[in-house]
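# Observations on the model geometry
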There are 2 protein chains.
Amino acid sequence: MDTLETRELRYFVTVAEELHFSRAAKRLGMAQPPLSRAIRQLERRLGVTLLERNRSGVMLTGAGHVLLGEARGILDAAAAATRRTRRAASSTNRLTLATKAGANHELLRKLLDAHAAEPGAAEIEVLLCGMGDQARMLRDGRADVALMQRPFDALAGFDTEDLHTEQQVAVLPAVHPLAARTSLTMADISDVPDLPVARWPRQDGTYEPGPGPEIHDQSQLAQLIALGHTVAVICASSRAWLWSAHAAIPLTDAPHVTTVLAWPSQSRSQAVASLVRTASQL
Amino acid sequence: MDTLETRELRYFVTVAEELHFSRAAKRLGMAQPPLSRAIRQLERRLGVTLLERNRSGVMLTGAGHVLLGEARGILDAAAAATRRTRRAASSTNRLTLATKAGANHELLRKLLDAHAAEPGAAEIEVLLCGMGDQARMLRDGRADVALMQRPFDALAGFDTEDLHTEQQVAVLPAVHPLAARTSLTMADISDVPDLPVARWPRQDGTYEPGPGPEIHDQSQLAQLIALGHTVAVICASSRAWLWSAHAAIPLTDAPHVTTVLAWPSQSRSQAVASLVRTASQL
DNA sequence: CGCGGTGATACCCGGCGGGTATGACAGCGC
DNA sequence: GCGCTGTCATACCCGCCGGGTATCACCGCG
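Described in the following lines is the structure provided in the data block.

Calculation notes
Residues numbered from 1 in each chain as written. Chains lettered and ligands numbered in written order. Predicted model: local features only at pLDDT ≥ 70, side-chain atom pairs only at ≥ 80, totals over all residues. Heavy atoms only, no water. Helix = DSSP H or I, 4+ residues; strand = E, 2+ residues; numbered from the N terminus. Rg over C-alpha atoms; globule rule 2.2 N^0.38 Å. Buried < 20%, exposed > 50% of the residue type's maximum accessible area, 1.4 Å probe, protein only. Contact = heavy atoms within 4.5 Å. Areas by Shrake-Rupley, 256 points an atom, 1.4 Å probe, with all protein chains shown as cover. Pairing = 2+ DSSP bridges. Axes fitted to C-alpha atoms, helices over the stretch in contact; angles between N-to-C directions. Least-squares fit on C-alpha atoms with pLDDT ≥ 70 in both. Near = heavy atom within 4 Å. Polar contact = N/O pair within 3.5 Å; in protein donor to acceptor, adjacent residues only side chain to side chain.

### Some details on the overall build of chain A
The number of helices and strands found in chain A is 9 helices and 10 strands. For chain A, whose C-alpha radius of gyration is 24 Å, the value lies well above the compact-globule estimate of 19 Å for 282 residues. Taken over the C-alpha atoms alone, chain A extends approximately 70 × 55 × 30 Å along its principal axes. When burial is assessed residue by residue, chain A has 44% of its 282 residues classed as buried. The contacts of chain A with a sequence gap of at least 6 include a subset with a gap of at least 24, amounting to 65%. For chain A, the exposed surface amounts to about 14000 Å²; the carbon and sulfur share of it is 52%.

### Digging into the sheet that holds strand β10 (residues 257–264) of chain A
Residue and element names in this part refer to chain A. In spatial order, the strands read β4-β3-β5-β10-β6; together these 5 strands make up an open sheet with mixed pairing. The open sheet has two free edges, formed respectively by β4 (123–129) and β6 (158–166), since each of these has just one partner strand. Neighbour-to-neighbour, the strand axes of this sheet turn through a mean angle of 25°, independent of strand direction. Where strand β5 (residues 145–150) lies against β10, 5 bridges are found, and the strand directions are antiparallel. In the strand pairing of β10, Gln149 is matched with Thr259.

### Some points on helix α9 (residues 270–280) of chain B
Residues and elements named next belong to chain B. Most of α9 sits out of view: 8 of its 11 residues are buried. When α9 is considered as a whole, its buried residues turn out to be Ala271, Val272, Ala273, Ser274, Leu275, Val276, Thr278 and Ala279. Each element contacted by the buried residues of α9 is listed here: β3 (94–100), α5 (105–117), β4 (123–129), β5 (145–150), β6 (158–166) and β10 (257–264).

### Side note on the relation of the copies chain A and chain B
For the pair chain A and chain B, the superposition axis carries a translation of 0.0 Å, the fit reaches an RMSD of 0.2 Å, and the rotation angle comes to 180°. The transformation relating the two chain copies, once decomposed into turn and shift, fits a two-fold axis. Closest approach to the rotation axis within chain A is made by the C-alpha atom of A:Gly157, at a distance of 1.8 Å. When the interface residues of chain A are mapped onto chain B, 97% of them are again interface residues, pointing to one common binding face.

### As for the protein's contact with DNA strand C
Around DNA strand C, 19 residues are found, and the nearest of them are A:Ala31, A:Arg37, B:His20, B:Phe21 and B:Arg53. A breakdown of the atoms of DNA strand C within 4 Å of the protein gives sugar and phosphate a share of 65%. B:Ser22 is positioned with one of its side-chain polar atoms (N or O) 3.0 Å from a phosphate oxygen of DNA strand C. At the level of elements, α1 (6–18) and α3 (32–46) of chain A together with α2 (21–28) and α3 (32–46) of chain B are the ones that each hand at least two residues to the surface near DNA strand C.

Right, dumping it as structure tokens:
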């Protein structure tokens, strides 16, 4: 009566993304007529029109927009479910931990050491990923736990354990006048016209407009700072990767950053639980 | 290749719950052989054994346990998706707000009034539910937004906006010696042998063991306190429903309670967004 | 050693998901 | 105006797979 099949959702999402039945059918590796029929069936079962078909084009209705979001979530969850199930079967005593490359050296080292000291500890595979990929890894089942940072990372849907809170610092070229200060405020560094703040890409790969250079990794950033082209705000523990041409000055009014251990809220495997227990005693 | 169909998940969940193919088939309204076959197919596609069939009985494997949790989530999400889609279609400018019956009178009244004053405000239907049902309502698409309380309610997976923080108070029989005090601590009330703290049911309807009476609604609780059989800890704004035979004494060391407006993290319908905006200006 | 009860196997059938061919209709260039 | 092109919908056919029935293999048990 009203049970959405993932196949239908897959079809609907593709059509909604393409806004074009023939192209969507092609992407799905099928012919257009059965796809049209499947969507019609879905609409009839829901009793809702999801797509507005007028001449030359297809538009999403409001309800269609809602279903698109829901369907994406469900499909992601389904893909995650197969991964998690397979991993649970293949390796009973093994965990994958996702962390931002180049951050939390210190903390991660301590966590891994403490965990390894536990009797019967699970083997931990560390998965380095860039800029907020941890959430995706965790959500889609490629990782079991992740090191993430509040308030930067989206923690919705995860359970977390706070590990460590620290200040943020401004990273400047060592030769810059501000580098001589012992502390700075956010206003100090946002007001400097010759040092525009660097811009990281958003989820979709685009950049928000602004004067600063567009960057996508840490080494780029480090170089640009050393060249005197930009300034960055990072958390104190990331000073590890700084160069001698850099100066790190504490920021008095930047929000504190808390590194947390995060895991999917339901998944209470005993391996995860044990790691969390270890972490909470650090 | 590796796309879980919700039908399969439904089958698997039922079998995992019954741990019995014939009974599961009956519950699903089908015969046992096709069910067995469906599960086998699922196992083959995943390349994982989910159920241990030995003589006289079926047991879940570790992987099966993982999949059970995932599958439940996916099925819930699918059911929620149909509800949300249907509601989005039937009523473009209408919201359902879930709240705990008997709590937040004051705040809810203010929120509704402020919202009604907005031009083009959505019509709001208030859905009263008991003890932490709001999370379920929100999750399964029966409600669009909910008033919930930190740290009591499970907020994982929701976006929230803090509305109001308040102290908790102990509610005692007015005639009890402690009722004469101007403030109390948690230790004060947990140490009183003649007034064991009442116990609310957990999610699954069971009670954790303890001396206090088992209750399941507020009027019960009120009566038991008035009779001098128990003591309760509630947040200050709930004093509205107290009787004259009750005394409410501030607790100095109980955690503060924050009432929040919560909504599913992805669902950013403009009606919800508008209500959140209104709420944030209260 | 039958007997009841488990899940697994064998086999059949109907419906439905998929394909091809075609239609209805709008926009557009001539 | 008239094709031409490209859109989605309709009509029709077919093979597969999901579901049913009958039965088997196995185990515990009196």
